[in-house]
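A look at the structure
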Amino acid sequence: MKYIILFLFLAALGSIVTGYFLENEWSQKLIGFGVAGLFFIVFPLFSYYRWKDKDVKDYMLTKENLDKMREKERDKKH
């Protein structure tokens, strides 16, 4: 999955750079397809890849997590 994301990222980046440096009728479309590929394909795949085995509750500011953070800060000071 990591290599697919890397390949798609490089393809989108290559499309943007190619469209920027070429001066023909397809240059605007190449830039647009590259940007759309980044935002609609690469970023969602990357987000899924990074979050697939994580528990969302660990990252939410619940009362229990706030208490844990306060206790860590209290332990750090002493």
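Just so it is clear, the structure is predicted and the values come from calculations on it, not from any experiment.

1. Concerning the overall build of the chain
When you go through the chain residue by residue, the secondary structure sums to 3 helices and 0 strands. Along the chain direction, N to C, the helices and strands of the chain fall in the order α-α-α. Relative to the 2.2 N^0.38 estimate, which gives 12 Å for 78 residues, the radius of gyration of the chain is 21 Å and therefore markedly larger than a compact globule would have. Principal-axis analysis of the C-alpha atoms gives the chain an extent of 65 × 25 × 20 Å. With 78 residues in all, the chain has 12% of them scored as buried. Considering only contacts in the chain between residues 6 or more positions apart, those separated by 24 or more positions represent 42%. Split by element, the accessible area of the chain, about 7200 Å² in all, is 65% carbon and sulfur.

2. Observations concerning the packing of aromatic side chains
Two descriptors summarise a pair of aromatic rings, namely the distance from one centre to the other and the angle between the planes of the rings. Tallied over the entire structure, the rule returns 1 aromatic pair. Between Tyr20 and Phe21, the ring centres sit 5.2 Å apart and the planes meet at 80 degrees, which makes this aromatic pair edge-to-face. An identical accessibility class is assigned to Tyr20 and Phe21; each is exposed.

3. Here's the deal with the environment of Val17
On the secondary structure map, Val17 appears in helix H1 (residues 2–21). Once the C-alpha coordinates of Val17 and Leu30 are considered, the two residues, 13 residues apart in sequence, prove to be 8.6 Å apart.

4. Thoughts on the confidence of the model for the chain
Per-residue confidence for the chain averages 90 on the pLDDT scale, and 99% of its residues sit at or above 70. Within the chain, no element has a lower average pLDDT than helix H3 (residues 63–77), which sits at 85, and none a higher one than H1, at 95.

5. Looking at the UniProt feature "transmembrane region" (unreviewed entry) in the chain
Mapped onto the present numbering, the UniProt feature "transmembrane region" (unreviewed entry) falls on residues 29–51. Secondary structure content for residues 29–51 is 100% helix and 0% strand, and the end C-alpha separation is 32 Å.

6. Brief notes about the side chain of Asn65
Looking at where Asn65 falls in the secondary structure, it is placed in helix H3. In this structure Asn65 comes out as buried when scored by relative accessible area, which is 13%. Non-local contacts of Asn65, meaning those with residues more than four positions away in its chain, are made with Lys57, Asp58 and Met60.

Reading guide: rules and limits
- Residues numbered from 1 in each chain as written.
- Predicted model: local features only at pLDDT ≥ 70, side-chain atom pairs only at ≥ 80, totals over all residues.
- Heavy atoms only, no water.
- Helix = DSSP H or I, 4+ residues; strand = E, 2+ residues; numbered from the N terminus.
- Rg over C-alpha atoms; globule rule 2.2 N^0.38 Å.
- Buried < 20%, exposed > 50% of the residue type's maximum accessible area, 1.4 Å probe, protein only.
- Contact = heavy atoms within 4.5 Å.
- Areas by Shrake-Rupley, 256 points an atom, 1.4 Å probe, with all protein chains shown as cover.
- Phe/Tyr/Trp six-rings, centres within 6.5 Å; stacked < 30°, edge-to-face > 60°.
- pLDDT = per-residue confidence, 0-100.
- UniProt positions renumbered as here; feature names shortened; annotations may be inferred.

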